[in-house]
Amino acid sequence: MSNPKVVYDGWMVRYGRRKIGRSFIHMRYFVLESRLLAYYKRKPQDNVVPIKTMVIDGNCRVEDRGLRTQHGHMVYVLLIYSKKDKHNRITMAAFNIQEALIWKEKIESVIDQHQESLVANGNKYHSFEYKSGMDSGRNASSSDQESQYSAAEDEEDSRPSLMRRTTIGNGPPESILDWTQETSTLSSQNNHNQAFSRKHWRLLQCQNGLRIFEELLEVDFLPKSCSRAMKAVGVVEASCEEIFELVMSMDGTRSEWDCSFQDGSLVEEVDGHTAILYHRLQLDWFPTFVWPRDLCYVRYWRRNDDGSYVVLFCSREHENCGPQPGYVRAHIESGGFNISPLKSRNGRPRSQVQHLMQIDLKGWGVGYVSSFQQHCLLQMLNSVAGLREYFAQSDERTAPRIPVMVNMASCSAPSKKSNKIQLTSVHNRSQSLDNAAKMMDEYSDEDEDLPIPDEEETKRTAFEEEPVVQIDFSCFSGNLRRDDNENGRDCWRISDGSNFRVRSKRFCYDKSKMPGGKPLMDLVAVDWFKDTKRMDHVARRPGCAAQIASQKGHFSMVFNLQVPGSTNYSMVFYFVSKELTMGSLLQRFVDGDDEFRNSRMKLIPSVPKGSWIVRQSVGSTPCLLGKAVDCNYIRGANYLEVDVDIGSSTVANGVLGLVVGVITSLVVDMAFLVQANTTDELPERLIGAVRVSHLELSSAIVPKLEPDPKPS
């Protein structure tokens, strides 16, 4: 850092609420000096005036507000305020916990330096941490109410003595047993939980490099179908933060290390440390005869002073998460993860992971087949080995973003007469992410530090949608049929944009990506052509979707993927929108020159169904088409056609030969977009996405193309 006064600086998220009540998150550049915390719209140069400053002294506090979901993003929130003037406050957040913890440590170190100067002047100073569990009887989080020690602080005002506290959230809810605590803590809990106060465990077995323990203590207050508590203990070569962020994930990432996970969603965000979750289990015990299991449970987490993380589970009923058709509701008596740091080895961080579970899987299988419960429980505990292998097989050590969790509730309130889960539709989910990107406008002038919005307001704002302009699809047609059935053959359907990862608003700073969300244009038709020669400029064909759209005043993007061979094939996609937004990246691409287009036209492929060798050959890495193959751009009236000659690349042609041979057994996803390179162009937006399923070469037709008009 060039300025010797600067203690720490970098990009962080501003998190708060505007004067009109709507919440926001913005990217801001924060600078911490020896006596001042300030933030700017851009990285400051010369004598730029900051948006806001706050004097950091011994009166300041740093509160951990935990994880908050905001506009489709999940952030780790810190609140910095002055005890003397609590209206003087700054709320900042980070997309990964490591970054937030660094800022927390740096700010606290500055506060400590000022406290040391008070001590040097003869003032007495007490420092302690607010421990979770010390005040577990309160209903609200310590981040939302004053701590029980606040009164003690006020009493100290009359004397030259100060206490500084940093909160780590409220203790676990009363229904949750904190099995990670010492015996003395456990024995003080109610009789219902005293069964866990004695640490009698025996090593049951070792499997997959894990030690599996079983609790020896018999209990009489639990149903016979409920298992004894069992825990798996293993070592994972990763930091506690990296493991914690994976453990908190409830998206597709979790299935890469937890074989018992099918899917999950958020029922209610109670506070930054507590949430109600819905979770479907993937258990392989005679699935033909045994119904699948699901869970509704409360999850509480905290970070301890030694850098360890505790995540606790306990089943709980919720009005928006009643029994689901086709599922048996299992019951978690106690469970969770304890992630503790170990000494690094060979320069790599290490952590000990304990995963405990005491569960009643319910249903007839538990009573009739004794091994059913233990088999399924061992399968769940084996996730610790999954974590170990997940990190062992990856060299990436970049700080991951905190996972985004899909909210169970739809934008309309669920009926009280029905307990069925109101899963967020793909449209609403992707739309909320699109809105989130717009809310993260780093050049906005609104940065009020009003109270953080309550949960209801957050939910309402997260599902606000842009006005949707409807297009009549009935007038468009192509020779390849559309079929939205998952098992459809020789057809196409619209692919979920959230399945593709695109550059986020923050990409320039941390290379992070986000789900693609709702595309900019609608896919209205697909043509599947064949001919003895290459087919160029297919959009000139009378009656095609591009011509129909032009007649209605709409704009079209036409992608013509040309497959060479003894018979030439063309797969043509027609994307339509009402109009182009002037000044947008897409409009600049459409009206730009070929050099600009070749440097920006991007394709993201994926093969969700197909042989392993084809999936590996095609991959899912974004490809700049203009750099990989020859592209010809034809700007017509109200359309732009991109003719992609796949045969112009030796590598692409080789892969293509492999794909064509097994094309009937493939399901291929493709997303088209214009690459965003600068902060004002980010986040990236998909032009459109499509899935083509089990294509038949025999279904292609010979098109009737009018000759191109000769230039005058």
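Residues numbered from 1 in each chain as written. Predicted model: local features only at pLDDT ≥ 70, side-chain atom pairs only at ≥ 80, totals over all residues. Heavy atoms only, no water.

Asker: Help me out: how do you make sense of the packing of aromatic side chains in this one?
Answerer: Aromatic ring pairs are described here by two measures, namely the spacing of the ring centres and the angle between the planes. The tally for this structure, following the rule as stated, stands at 16 aromatic pairs. Ring plane angle 40 degrees and centroid distance 5.0 Å describe the contact between F30 and Y39, whose orientation is recorded as tilted. Its relative accessible area of 0% is what places F30 among the buried residues. On the basis of an interplanar angle of 75 degrees and a centroid distance of 5.8 Å, the ring pair of F559 and F575 is categorised as edge-to-face. Remark: F575 occurs in strand β25 (residues 568-577) and F559 occurs in strand β24 (residues 555-563); sequence separation between them is 16 residues. By the burial criterion, F559 is buried, and F575 matches it. Positioned above the aromatic ring of W201, the side-chain terminus of K231 is 4.6 Å from the ring centre. Over the aromatic face of F213 sits the side chain of K231, whose NZ or CZ is 5.8 Å from the ring centroid. (Phe/Tyr/Trp six-rings, centres within 6.5 Å; stacked < 30°, edge-to-face > 60°. Buried < 20%, exposed > 50% of the residue type's maximum accessible area, 1.4 Å probe, protein only. Helix = DSSP H or I, 4+ residues; strand = E, 2+ residues; numbered from the N terminus. Lys NZ or Arg CZ within 6 Å of the ring centre and 35° of its normal.)

Asker: Honestly, the sheet that holds strand β31 (residues 686-693) in this entry has me stumped. Any pointers?
Answerer: Think of a sheet as strands paired side by side through backbone hydrogen bonds, with each pair either parallel or antiparallel. Reading across from one edge, β20-β31-β30-β26-β27 is the order of the five strands in this open sheet, with antiparallel pairing throughout. With one partner strand each, in any of the chains shown, β20 (491-494) and β27 (623-624) form the two edges of the open sheet. Of the pairings in the sheet, the one linking β20 to β31 comprises four bridges and is antiparallel in character. When the bridges of β31 are listed, W492 appears paired with V692. (Pairing = 2+ DSSP bridges.)

Asker: What is the right way to look at the environment of R541 in this model?
Answerer: Take R541: it is sitting in the loop between β23 (522-531) and α11 (545-551). Judged by its relative accessible area of 17%, R541 is buried. Contact partners of R541, with chain neighbours within four places excluded, come to D527, F529, Q547, Y574, P703, K704 and L705. There is a polar contact of 2.9 Å between the side chain of R541 and the side chain of D527. (Contact = heavy atoms within 4.5 Å. Polar contact = N/O pair within 3.5 Å; in protein donor to acceptor, adjacent residues only side chain to side chain.)

Asker: How do you make sense of the pairing of strand β3 (residues 36-40) when you look at a structure like this?
Answerer: Working note: regular strand, side chains alternate between the two faces of the sheet. The buried fraction of β3 amounts to four of the five residues, a majority that puts the element mostly inside the structure. With four bridges joining them, β3 and strand β4 (residues 52-55) adopt antiparallel strand pairing. Note that in β4 the partner of A38 across the bridge is T53.

Asker: Sorry if this is basic, but what is going on with the packing of helix α4 (residues 240-247) against helix α7 (residues 383-392) here?
Answerer: Packed helix pairs are characterised by how far apart their axes lie and by the angle those axes make with each other. Between α4 and α7, whose axes approach to 12 Å, the crossing angle comes to 120 degrees. The angle between the axes of α4 and α7 places the two elements in the oblique class. Judged by the sense of rotation from one axis to the other, the crossing of α4 with α7 is right-handed. Contacts between α4 and α7 involve E242, I243, L246 and V247 from the first element and L387, Y390 and F391 from the second. Partitioned by chemical class, the residues of the contact of α4 with α7 number six nonpolar, no polar and one charged. (Axes fitted to C-alpha atoms, helices over the stretch in contact; angles between N-to-C directions. Parallel < 35°, antiparallel > 145°, perpendicular 65-115°, else oblique. Left-handed = near helix turned anticlockwise from the far one by under 90°. Nonpolar A, V, L, I, M, F, W, Y, C, P; charged D, E, K, R; others polar.)

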